Amino acid sequence: MTADADAPGTGASGVDTTTRVRRPVVPDQGDAPPGRADDSAPPPAAGETAGPSALGLILVAIVGAEFMLQLDGTIVAVALPKMQSALDLSAGSLSWVVNGFLLAFGGLLLLGGRLGDVLGHRTTFLAGISLLAAASLLAGLASNFGLLLTGRVLQGSGAALAGPAGLALLATTFAGVRQQRAFAVYSTVTGLAASAGMVLGGILTDLTSWRWTLLINAPIGLAVVLLAARVVPPAGHADGRKPLDLIGAILSVTGMTGLVYGFVRAADSGWSDSGTIAGLVAGAVLLVGFVLREAQASSPLLPLRVLTHRGRAGAFLNLLLMAFVLTSFLFFLTQFLQRVLDLTPLVTGLAFLPFGVALLLVARNVPKILTKVPPPVLALIGFVVMGLAMLWLSRLEADSSYPVDILVPIILLGAGAGAAVVPLNLIVLSQTAPEEIGVTSAVLQSALSVGGSLGLAVLLSQFTGASDVATGAAHAFRGGAVIAAVAAVAACLSTSQHRSPSGSRPGRSVTGTDR
């Protein structure tokens, strides 16, 4: 099934000494049709030729960009009340400060990922970060709602370009053990950015102005662009001659936008709202049309083998469910901390730091664990721990305290997330052909985006239907525990069928892929 395999091994210095052994291509189920084999060996990843210092700078650029993208999800939320007062925004307009970003990001992800495959991941990454930085300036300096919304939509568009391209660069630049370590750092930063956003948002809003929660992306983006332009090598798998499927692009953008809009609307107005129903139905119909189109297109925007590969499909589902759990955890615990325990936004952000620390400590050790435990088994353990933590939080009451009732489950959730996210990323990206790594990364991030929106939409009805905030949060956490249990069952089923991305051992490079 594989084009090549790595024999794992590292020297005393930790430098990957993997030896690449060429094997013939054998088609996998749901992948390339029989008789279609690529006789040319894939080019080596940059991780096999670049020195440690160069790879370190590349990782800083990619991870710095991802930190900026994830930071935006929470840093602006803290500043919404002051933003509303300064620009005299209605409640409906204020919601679109958040939703405008989400719709552009979710709607353009698939197209952004495919553009990276066609134009080159480095080019798309630099364009996306540049657009995000410029849009942050526009939004931060906005004098009215129209300019603010335009800036937020452009921010989401830039993130849709940079997010998949950065993940693709990470997968194609690093090889073997280095790749596992890079994914561990990437996943850790993703988790830390959520709590860091609330802390930084509180500091900037209290000490300066709400505008700096948007403007701060500009200098960070500029630094990332300058560093990436200097150290990230040109992509080796871009094919500018391959035409984009314009019809498929239109169907994917409108379909994903409709779906995300439906979930966002459901969170605000309920499932019976006409706008919710219209968005979900239109999105579903358009995405069905997109799948039918891709099945017949000569150069599809999303090759269906990306979705039908058994290993990837299970990992996509688990990532969606994980985002469902973690997004609801962050949202509803924030409500409890601020409205029941009466913590300030800054202290609330600090209260989430143990989550990030636990994620950091577990994720950094995942590469060692994967030498003894298969990735699906480790993901299963992570979901079990997350489910137990959510069940613990479901016991919260109005007189609960942070040290006794919240601190331990926060730590468990961070540890469980760290154990699950790194192996799931490896399962998805280590089995993907280099020329499809961009769109596969986009599907991965789409699963996270849709899962988060779906989690809030589903559990918010339980939260708002309760008699008080504490009871509502407990009901939402109970629902999150159920979803974590479903994810654990899905991971268990994947474990029974899974073969390690390396064929028999973890640590294989994404450049030696299945089709």
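Residues numbered from 1 in each chain as written. Predicted model: local features only at pLDDT ≥ 70, side-chain atom pairs only at ≥ 80, totals over all residues. Heavy atoms only, no water.

(A) View of the overall build of the protein chain. The number of helices and strands found in the protein chain is 18 helices and two strands. For the protein chain, the residues scored as buried account for 56% of the 515 residues in total. In the protein chain, 80% of the contacts between residues at least 6 apart in sequence involve partners at least 24 apart. As displayed, the protein chain offers around 19700 Å² of accessible surface, 67% of which is attributable to carbon and sulfur atoms. (Helix = DSSP H or I, 4+ residues; strand = E, 2+ residues; numbered from the N terminus. Buried < 20%, exposed > 50% of the residue type's maximum accessible area, 1.4 Å probe, protein only. Contact = heavy atoms within 4.5 Å. Areas by Shrake-Rupley, 256 points an atom, 1.4 Å probe, with all protein chains shown as cover.)

(B) Structural view of the pattern of salt bridges. Under the criterion given, the structure shown has three salt bridges. Ionic pairing is found between R114 and D117, a salt bridge with its closest N-O pair at 3.2 Å. Taken together, the positions of R114 and D117, both in helix α2 (residues 91–119) and three residues apart, correspond to about one turn of that helix. The burial state of R114 is the same as that of D117; both residues are buried. Of the charged contacts in the structure, one is a salt bridge between E436 and R305, with a shortest N-O distance of 2.4 Å. With a gap of 131 residues between them, E436 in the loop between α16 (402–429) and α17 (437–464) and R305 in helix α10 (residues 305–308) connect regions that are remote in the sequence. (Salt bridge = Lys/Arg side-chain N within 4 Å of Asp/Glu carboxyl O.)

(C) Seen up close, unusual backbone geometry. The backbone of D88 sits at a positive phi, close to 55 degrees, despite the residue not being glycine. Following the sequence through the fold, D88 ends up in the loop between α1 (52–87) and α2. We classify D88 as exposed; its relative accessible area is 69%.

(D) Up close: the packing of aromatic side chains. Counted by the stated rule, this structure contains seven aromatic pairs. Measuring from ring centre to ring centre gives 6.2 Å for W96 and Y261, while their planes differ by 20 degrees; the resulting arrangement is stacked. In this pair, W96 sits in helix α2 while Y261 sits in helix α8 (residues 246–269), placing the two residues 165 residues apart along the sequence. When its relative accessible area of 30% is taken as the criterion, W96 is described as partly exposed. Here Y261 falls in the partly exposed class, since its relative accessible area comes to 24%. Plain terms: the ring middles of F263 and W271 are 6.4 Å apart, the flat faces sit at 75 degrees to each other, and that makes the pair edge-to-face. (Phe/Tyr/Trp six-rings, centres within 6.5 Å; stacked < 30°, edge-to-face > 60°.)

(E) Region of interest: α17. With 28 residues, α17 extends 40 Å between its outermost C-alpha atoms, agreeing within 8% with the 40 Å of an ideal straight helix rising 1.5 Å per residue. In α17, a bend of some 25 degrees at V458 exceeds every other bend along the element. With 21 of 28 residues buried, α17 is to be regarded as a mostly interior element. (Expected span 1.5 Å × (residues − 1). Bend = angle between axes of the 7 residues up to and from the residue.)

(F) Expanded view of the environment of V260. Here V260 is to be found in helix α8. For the pair V260 and G107, spaced 153 residues apart in sequence, the C-alpha separation works out to 7.6 Å. In this structure, V260 is in contact with L102, L103, G106 and S453, ignoring residues within four places of it in sequence.

(G) The arrangement of the nonpolar core in detail. Core analysis: the biggest nonpolar cluster contains 118 residues, and F125, L170, F329, L333, F383 and L413 have the highest contact counts within it. Counting residues per element, this core draws most heavily on α16, at 14 residues. Not counting chain neighbours up to four residues away, the residues in contact with L413 comprise L326, F329, F355, M386, A389, M390 and L393. (Core = buried A, V, L, I, M, F, W, Y, C linked by side-chain atoms within 4.5 Å.)

(H) Structural context of a nonpolar patch on the surface. Judged by side-chain polarity, L138, L147 and L154 come together as a nonpolar surface patch covering roughly 200 Å² of accessible area. With respect to the secondary-structure elements, L154 resides in helix α4 (residues 145–173). Relative accessible area serves as the criterion here: at 32%, L154 is assigned to the partly exposed category. (Patch = residues over 30% accessible without salt bridge, like charges linked within 9 Å, V, L, I, M, F, W, Y side chains within 5 Å.)

(I) Up close: the confidence of the model for the protein chain. Here the protein chain averages 80 in pLDDT, and 83% of its residues register 70 or above. Ignoring residues within four places in sequence, the model shows residues 1–44, a span with pLDDT below 50, making 90 contacts including any to other chains. This model gives residues 499–515 a pLDDT under 50, and the stretch forms 82 contacts once residues within four places in sequence are excluded. (pLDDT = per-residue confidence, 0-100.)

(J) Representation of helix α13 (residues 353–363) within the structure. Three or more residues of α13 are buried, namely F355, G356, A358, L359 and A363. Around the axis of α13, the buried residues are gathered within 165 degrees of arc, so they sit on the same side. (Arc of directions from axis to C-beta.)

(K) Representation of the packing of helix α11 (residues 310–339) against α16. The interhelical angle for the contact between α11 and α16, taken along N-to-C directions, is 155 degrees, at an axis separation of 10 Å. Put simply, α11 runs roughly antiparallel to α16. Relative to α16, the crossing made by α11 is left-handed. Residues G311, R312, A315, F316, N318, L319, M322, L326, F329, L333, F336 and L337 of α11 lie in contact with α16, whose contacting residues are Y402, I406, I410, L413, A417, A420, V421, L424, N425, I427 and V428. Residues of the contact of α11 with α16, tallied by class, amount to 19 nonpolar, three polar and one charged. (Axes fitted to C-alpha atoms, helices over the stretch in contact; angles between N-to-C directions. Parallel < 35°, antiparallel > 145°, perpendicular 65-115°, else oblique. Left-handed = near helix turned anticlockwise from the far one by under 90°. Nonpolar A, V, L, I, M, F, W, Y, C, P; charged D, E, K, R; others polar.)

(L) Local environment of the packing of α8 against α17. Remark: α8 packs on α17, axes separated minimally by 7 Å, with the N-to-C direction vectors making an angle of 25 degrees. With respect to each other, α8 and α17 are oriented roughly parallel. Crossing of α8 against α17: the hand is left-handed. Contacts from M256, V260, F263, A266 and A267 in α8 reach S446, V450, S453, L454, L456, A457 and L460 in α17.

(M) Main features of the environment of A168. Mapped onto the secondary structure, A168 falls in helix α4. The sequence separation of A168 and G120 amounts to 48 residues, and the corresponding C-alpha distance is 10.0 Å. For A168, the contacting residues outside a window of four places in its chain are H121, I437, G438 and S441.

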